[in-house]
Amino acid sequence: QLASAGKKYGINDVALLMAMMAQESSGEGVDPMQASEGVGYSIKNPTKSIDEGVKALARTIKKAGGNIPLALQAYNYGDAFIDYANKNGGYSQKTVQGFQDLHGGKGHYGDANYAKNVLKFYTGSGGGSSSSSGSDTSTSDGLLSTIDGYKTSLIGLSDQIANINYDIFNAM
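Residues numbered from 1 in each chain as written. Predicted model: local features only at pLDDT ≥ 70, side-chain atom pairs only at ≥ 80, totals over all residues. Heavy atoms only, no water.

Trainee: Just give me the short version of the environment of Pro-46, but keep the residues and values in it.
Mentor: For Pro-46, the position within the fold is in helix α4 (residues 46–63). Judged by relative accessible area, which is 34%, Pro-46 ranks as partly exposed. Pro-46 sits 18 residues away from Glu-28 along the chain, and the two C-alpha atoms are 8.7 Å apart. (Helix = DSSP H or I, 4+ residues; strand = E, 2+ residues; numbered from the N terminus. Buried < 20%, exposed > 50% of the residue type's maximum accessible area, 1.4 Å probe, protein only.)

Trainee: Let's hear about the environment of Gln-23: which residues, and what values?
Mentor: One can find Gln-23 in helix α2 (residues 14–25). Take Gln-23: its relative accessible area is 17%, and that puts it in the buried class. For the pair formed by Gln-23 and Tyr-114, sequence separation is 91 residues and the distance between their alpha carbons is 7.7 Å. One polar contact links Gln-23 to Asp-111, side chain to side chain, over a distance of 3.5 Å. (Polar contact = N/O pair within 3.5 Å; in protein donor to acceptor, adjacent residues only side chain to side chain.)

Trainee: Run through the packing of helix α5 (residues 68–77) against helix α6 (residues 80–87), naming residues and quoting values.
Mentor: Two numbers describe how α5 lies on α6: the axes approach to 8 Å, and their chain directions differ by 130°. Taken together, the axes of α5 and α6 are oblique relative to one another. The residues of α6 that touch α5, namely those facing Leu-70, Gln-73, Ala-74 and Tyr-77, are Phe-81, Ile-82, Ala-85 and Asn-86. Within the contact of α5 with α6, the residues separate by chemical class into six nonpolar, two polar and no charged. (Axes fitted to C-alpha atoms, helices over the stretch in contact; angles between N-to-C directions. Parallel < 35°, antiparallel > 145°, perpendicular 65-115°, else oblique. Contact = heavy atoms within 4.5 Å. Nonpolar A, V, L, I, M, F, W, Y, C, P; charged D, E, K, R; others polar.)

Trainee: Any chance you could break down the packing of α2 against α5 for me, citing the residues and the numbers?
Mentor: Direction vectors running N to C along α2 and α5 enclose 35°, while the axes themselves pass 12 Å from each other. Between α2 and α5 lies a crossing of right-handed hand. Across the interface between the two elements, Leu-16, Met-20 and Glu-24 from α2 touch Ile-68, Leu-72 and Tyr-75 from α5. Of the residues belonging to the contact of α2 with α5, the class tally is five nonpolar, no polar and one charged. (Left-handed = near helix turned anticlockwise from the far one by under 90°.)

Structure (structure tokens):
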């Protein structure tokens, strides 16, 4: 379902979508992407939740100019966060906290560590905690490192497949 919705809305990174769903709900319940708030009505169907959640993420990625941490935080805070961050130096933990403070402070508005936690799930280093540690660029650097790792793995996998196909062809 995630791959299908991702393809429909132009997000081909299923691992990112899985990380988001893990942060939202651990993939459980009738609204695993917690998309009800964004659409303004209660979602009671996991397929609908995934579709609406991926559509919302695609919209925020586009509005954020492809900046994944900024788009993820906007998924949690709402699209207004993108404008706020862009006017205040871009995505950083400082702009995340500043936006939250404007809306009532900790516990009253979203999760200040949302993007960091999703990216921890994405990189396989856990996630889900609310502690704030590390530099503001660590999540972006980690994401870029992960993407580079995936590229290297895919190139290696492609070479392995080519060798298997060559071996099969020669065995005929």
